[in-house]
Amino acid sequence: MSEKILKLKNNIAGILADSGNESSKEKPLVIFWNAGLLHKVGPFRMFVDLSAKLNQSGFDVFRFDLSGMGDSRSSTTLDLDRDRIISEIQLVMDELSERFGFDRFILMGLCSGADNAFDVALTDDRVHGLVLMDGYTYKTSMYYAYKYMKLFLNVMNPKKMLNYIKKRIINILSSDNEDMTDIAGYVREFPELERFQSSVHDLISRGVNLYFIYSGGYASYAYSNQFYDFSGVEKESKQVDVAYFDQADHMYIIIESRVVLFSSIIDWINKKCS
Amino acid sequence: MFPFYFGSANKHIYGVHHEASGDEYRDEAILFCCPVSHEYMRTHWFLKLLCEKLSSRGYHCLRFDYYGTGDSSGSFLDADIDEWIQNVVAASDEIKELSGCTRVSMIGVRLGAMLSALASEVVKPERVVLWDPVVDGQVYLSELEMLHEEMIQDRSRFKHLPASNDEEIHQILGYQYNDNLFNSIANKKFGLSKIRANQISVVTGKNNHTVLKNNKDKQPVNISYIDSNVESDWLYLDNMEKMFFSDRLSDVIVDLFIE
């Protein structure tokens, strides 16, 4: 295993973590990038540690910062918006294909990074798999049932109720919708539910493997089957897997929850994307 | 902005060189000593922008990640504070060689400020800027542990509250500290009189100089205390993962270099 710095077109800088496995070029290349202002290292160095684990499983990994973010210089050619992000990720895949011969990719993202990964997959046939951590989600009637049950339990406990009211007031005053801003404060825009459903359907038809991972710290996701309830995907789908780590927070700050996350991603990728 | 590795082949250190631009030639490069753990994540964006500002005013700047942190090699579990101090010294040599400058100054943040102070005996910098320096390793770790305990009680973060720390395992705010690292940080103290630099500037928020001003060490004659009037809230749970940014603090630090 070794890491080397790559400087790509469009001022993009990243690190290729090479597994040293000769057959790794036949496997898809795993790619991560910054989530908003949080650079390519990831929260609590999550993406560096996950790269090492993926290398041990024989996958090469490229982690990078979009231009102007983290350790990549500003681009002068593209504007900072969703289309720019999609174009840049595709440029990265183009260059890695040319230079190293990778022709299939697994995109992984957390929070707004997951949103970007999903959007890229819709427009690029080279995407073979997606691992989306706390990506797009939609509230269902069962979600509201869980939420109000929690509120009821809070009413029964004055201390919890006081905390709840305090948080609500702070949220209202700061106009801060907890899941619609990413970990670095960027506002996330979710597609309409119908569009999301048809997009998932398109990806399945194209043979893309999808792993939706939700954490207990993601306030818009309340129960393990919520994905199936809003997406219309059948639980028996062979291409879609869903995990709900209700012990974890949104950033996987507790090491034990990161261990569970990593092991689940490695198992999935070995099973679905080798 | 030019990312590269330095150090030995099996322990490479990741650095980013911001080349000097602008009209003025300066025979002085600036080495950035970042904080560690969650504070590294919070300040990465701000320090990058500060590097860009200073490099546009003629200073070669180098940011880097200590061994076992950021994009450098190694695991945090293998990290060692004395090795981090050696990394500071190596980074100082590196920026001198890259820039051709004969003089180096350092900007250290939190634990990075302590590391830059401890490395100054070897580096012998022109100036040292210490932003909210960690003065006592034991106090620093206790504060982080208290923040960790507060964090794991936060019901808006966790659906199910995690267990408290096992005393044998130093899991603090997303990182596991090995015994050696934990104990060696705990044993480190910041000695004002040991800082070797022609100028020492201590920049803290909201007039928070008390700890250093009351330090039993003799106050060096070349020290200045600057109140940035910016509260960094290092120990405020709600800000723990928020990116730090302050134009005001950036101006205060740039002004120290642009006279």
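Residues numbered from 1 in each chain as written. Chains lettered and ligands numbered in written order. Predicted model: local features only at pLDDT ≥ 70, side-chain atom pairs only at ≥ 80, totals over all residues. Heavy atoms only, no water.

1. As for a positive patch on the surface
Move 1: Residues K150 and K159 of chain A together with R155 and K159 of chain B make up a contiguous surface patch of positive charge.
Move 2: Looking at the secondary structure, you find K150 of chain A in helix α4 (residues 141-155). (Patch = residues over 30% accessible without salt bridge, like charges linked within 9 Å, V, L, I, M, F, W, Y side chains within 5 Å. Areas by Shrake-Rupley, 256 points an atom, 1.4 Å probe, with all protein chains shown as cover. Salt bridge = Lys/Arg side-chain N within 4 Å of Asp/Glu carboxyl O. Lys, Arg positive; Asp, Glu negative; His and termini not counted. Charge placed at Lys NZ, Arg CZ, Asp CG, Glu CD. Helix = DSSP H or I, 4+ residues; strand = E, 2+ residues; numbered from the N terminus.)

2. Quick word on the packing of aromatic side chains
Move 1: One pass over the full model with this rule turns up 41 aromatic pairs over all chains.
Move 2: Here the guanidinium or amino end of K7 of chain A rests over the ring plane of F2 of chain B, the centre of that ring lying 3.9 Å away.
Move 3: Here K27 of chain A stacks its cationic end above the ring of F59 of chain A, 4.6 Å away from the centre of that ring. (Phe/Tyr/Trp six-rings, centres within 6.5 Å; stacked < 30°, edge-to-face > 60°. Lys NZ or Arg CZ within 6 Å of the ring centre and 35° of its normal.)

3. Here's the deal with helix α6 (residues 193-205) of chain A
For an α-helix the count is 3.6 residues per turn, leaving residues at separations of three or four pointing the same way.
Residues and elements named next belong to chain A.
Move 1: The end-to-end C-alpha distance of α6 is 18 Å, a good match for the 18 Å that 13 residues give at a rise of 1.5 Å each.
Move 2: Among the residues of α6, F196, S199, V200 and L203 are the ones counted as buried. With its buried residues spanning 100° around the axis, α6 presents them on a single face. In this structure, α6 carries E194, H201 and S205 as exposed residues pointing more than 90 degrees from its buried face.
Move 3: Looking at the buried positions of α6, the neighbouring elements they touch are α3 (112-123), β6 (127-133), β7 (209-215) and α7 (226-231). (Expected span 1.5 Å × (residues − 1). Buried < 20%, exposed > 50% of the residue type's maximum accessible area, 1.4 Å probe, protein only. Arc of directions from axis to C-beta. Contact = heavy atoms within 4.5 Å.)

4. Some points on the sheet that holds strand β3 (residues 28-33) of chain B
Residue and element names in this part refer to chain B.
Move 1: Strand order in the open sheet formed by 8 strands is β1-β2-β4-β3-β5-β6-β9-β10, and the pairing between neighbours is mixed. Pairing within the sheet leaves two strands with one partner each, and these edge strands are β1 (2-8) and β10 (223-227). For this sheet the average axis-to-axis angle between neighbouring strands, irrespective of direction, equals 20°.
Move 2: Along the sheet face, helix α1 (residues 38-55) touches β2 (11-18), β3, β4 (61-64), β5 (103-109) and β6 (127-131) and points at about 165° away from the line of β4.
Move 3: The strands touched by helix α2 (residues 81-99) within the sheet are β1, β2, β3, β4 and β5, with β4 carrying the most contacts at an inclination of about 150°. (Pairing = 2+ DSSP bridges. Axes fitted to C-alpha atoms, helices over the stretch in contact; angles between N-to-C directions.)

5. With respect to the sheet that holds strand β5 (residues 105-110) of chain A
Whether parallel or antiparallel, the strands of a sheet pair through hydrogen bonds between backbone atoms.
Residues and elements named next belong to chain A.
Move 1: Within the open sheet, the 8 strands sit side by side as β1-β2-β4-β3-β5-β6-β7-β8. Their pairing is mixed. The strands lining the two open edges of the sheet, one partner per strand, are β1 (2-7) and β8 (240-245). In this sheet, adjacent strand axes meet at a mean angle of 20° when their direction is disregarded.
Move 2: Strands β1, β2 (13-18), β3 (29-33), β4 (61-65), β5 and β6 of the sheet are contacted by helix α2 (residues 82-100), whose axis makes an angle of about 115° with β1.
Move 3: Along the sheet face, helix α8 (residues 255-272) touches β3, β5, β6, β7 and β8 and points at about 170° away from the line of β7.

Just geometry here; none of it tells us what the structure is for.
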